[in-house]
Amino acid sequence: MDHVEALAHLGLSQSEAEIFLFVLRNPRCFAPQIQAGLRLEKMSVYRALNSLKDQGFVESVGALRNQQFVAVSEQDVLGYFNQRRESLRQACEDMTQILHELRDRQHTVYKEKRITVYEGLDGWTSWNEERLRHPNGPIMEFGQHSFVLQFFASPADYFAYTQDFITRRVAKKLPIHVLTDARDRDTHFDTTSTQLLKEVRVVSMDQSLDALVSIFGKRFGFYTQEAGSYLGVIIDDPMLATLMGILFKALWNQAQPV
């Protein structure tokens, strides 16, 4: 690495580095000497000299129209670079801290305002209520219902709750499109019905999907079993909801009507 490149890495422009080295080698030189010696434009030389003076690398001696330029002492230069290195180290530490805080804040804001987590039977009912609060239908639903039965004390409780949900959904005139696995059809509810504003289609899945996925309005959610407990999530993200809606419709067009 040559001296100009080394100085450039420390923050000097190429012309500043070249002029500083020229002044080091030629003490008490005039600006025209620098211009001729380095073959630089006049304005570039004066801009670089002013910058070097402001940064403390060179000093001027004499009257304004007849100034000579000298480099500061080696000790001053090394002191400047040590100070700059310490400032850079501190700036890197500060930036790292800022990035950590921004990332933590981003996660916090996202969790607080964009993601809601639900657990257990109470979570399941609350998750369902959210689907009714945002009637920008139709609700799109995909997955298996058999695992939902495990939330309830008995099948009768499950049927009673589900029937009540359907009644309130219909009262809101909110249609629903249901994609279900042929092996997991809940024949009590997975039936196309004009009166219930429900259309059901069957799709064959290679693997069992122990979860229920739903897209409603500008939101996307799922409910599944995780580590032995039942966990639901609703994500308030229009882009993600749109993407999931596109995938749902692609499957819907391949499915068989009931």
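Keep in mind the model is a prediction, meaning the values are calculated, not measured. (Residues numbered from 1 in each chain as written. Predicted model: local features only at pLDDT ≥ 70, side-chain atom pairs only at ≥ 80, totals over all residues. Heavy atoms only, no water.)

Asker: When you look at the overall build of the protein in this model, what are you seeing that I'm missing?
Answerer: Across its full length, the protein carries eight helices and eleven strands. Taking as baseline every contact in the protein between residues at least 6 positions apart, the subset at least 24 positions apart corresponds to 61%. (Helix = DSSP H or I, 4+ residues; strand = E, 2+ residues; numbered from the N terminus. Contact = heavy atoms within 4.5 Å.)

Asker: Is there a simple way to think about the pairing of strand E6 (residues 176-181) in this case?
Answerer: Every other side chain in a regular strand lies on the same face of the sheet, so the side chains alternate between the two faces. Taken across its six residues, E6 has five buried, putting it largely inside the fold. Judged from the five bridges that link them, strand E5 (residues 139-143) and E6 form a sheet pairing that is parallel. If you follow methionine 140 over to E6, its bridge partner there is histidine 177. With six bridges connecting them, E6 and strand E7 (residues 198-203) associate as parallel partners. (Buried < 20%, exposed > 50% of the residue type's maximum accessible area, 1.4 Å probe, protein only. Pairing = 2+ DSSP bridges.)

Asker: It is not clear to me how the environment of proline 257 should be interpreted in this structure. Could you clarify?
Answerer: Examined against the element boundaries, proline 257 turns out to sit in strand E11 (residues 256-257). The exposed category is assigned to proline 257, whose relative accessible area is 56%. Each C-alpha atom of the pair proline 257 and threonine 191 lies 9.7 Å from the other, and the pair is 66 residues apart in sequence.

Asker: What am I meant to see in the environment of glutamate 129 here?
Answerer: Mapped onto the elements, glutamate 129 comes out in helix H6 (residues 120-133). For glutamate 129, a relative accessible area of 22% corresponds to the partly exposed category. Not counting residues up to four positions away in its chain, the partners in contact with glutamate 129 are Tyr161 and Arg168.

Asker: Explain the sheet that holds strand E1 (residues 29-30) here, please?
Answerer: Pairing between the strands of a sheet is mediated by backbone hydrogen bonds and can be parallel or antiparallel. Sheet architecture is open: three strands sit in the order E1-E3-E2, paired in antiparallel fashion. Because the sheet does not close on itself, it has two edges, and the strands there are E1 and strand E2 (58-61). Pairing between E2 and strand E3 (residues 68-71): four bridges, direction antiparallel. Directly across from glutamate 59, in E3, lies its bridge partner valine 70. Contacts from helix H2 (residues 14-25) reach E1, E2 and E3 within the one sheet, and its direction differs from that of E3 by about 90 degrees. Its contacts with the sheet put helix H4 (residues 42-55) on E2 and E3, and the angle it makes with E2 is roughly 110 degrees. (Axes fitted to C-alpha atoms, helices over the stretch in contact; angles between N-to-C directions.)

Asker: Honestly, helix H8 (residues 238-254) in this entry has me stumped. Any pointers?
Answerer: In an α-helix, one full turn covers 3.6 residues, which means residues spaced three or four apart are oriented alike. With 17 residues, H8 should cover 24 Å at 1.5 Å per step; its first-to-last C-alpha distance of 25 Å lies within 8% of that length. Within H8, the full set of buried residues consists of Ala241, Met244, Gly245, Phe248 and Trp252. Projected onto a plane normal to the axis of H8, the buried residues spread over an arc of 110 degrees and lie on a single side. Across H8 from its buried face, at more than 90 degrees, point the exposed residues Met239, Ile246, Asn253 and Gln254. Capping the start of H8, aspartate 237 holds a side-chain oxygen 3.1 Å from the backbone nitrogen of methionine 239, two or three residues further along. (Expected span 1.5 Å × (residues − 1). Arc of directions from axis to C-beta. Polar contact = N/O pair within 3.5 Å; in protein donor to acceptor, adjacent residues only side chain to side chain.)

Asker: Would you take a moment to explain the packing of helix H3 (residues 31-38) against H4 for this structure?
Answerer: The angle between the axes and the distance between the axes are what describe a pair of packed helices. At their nearest, the axes of H3 and H4 sit 10 Å apart, and the two run at 120 degrees to each other. If you check the angle between H3 and H4, you find them oblique. In this structure, H3 crosses over H4, and the sense of that crossing is right-handed. Across the interface between the two elements, Ala31, Ile34 and Gln35 from H3 touch Lys42, Val45, Tyr46 and Leu49 from H4. The class makeup of the residues in the contact of H3 with H4 is five nonpolar, one polar and one charged. (Parallel < 35°, antiparallel > 145°, perpendicular 65-115°, else oblique. Left-handed = near helix turned anticlockwise from the far one by under 90°. Nonpolar A, V, L, I, M, F, W, Y, C, P; charged D, E, K, R; others polar.)

Purely spatial values, then, with no claim about function.
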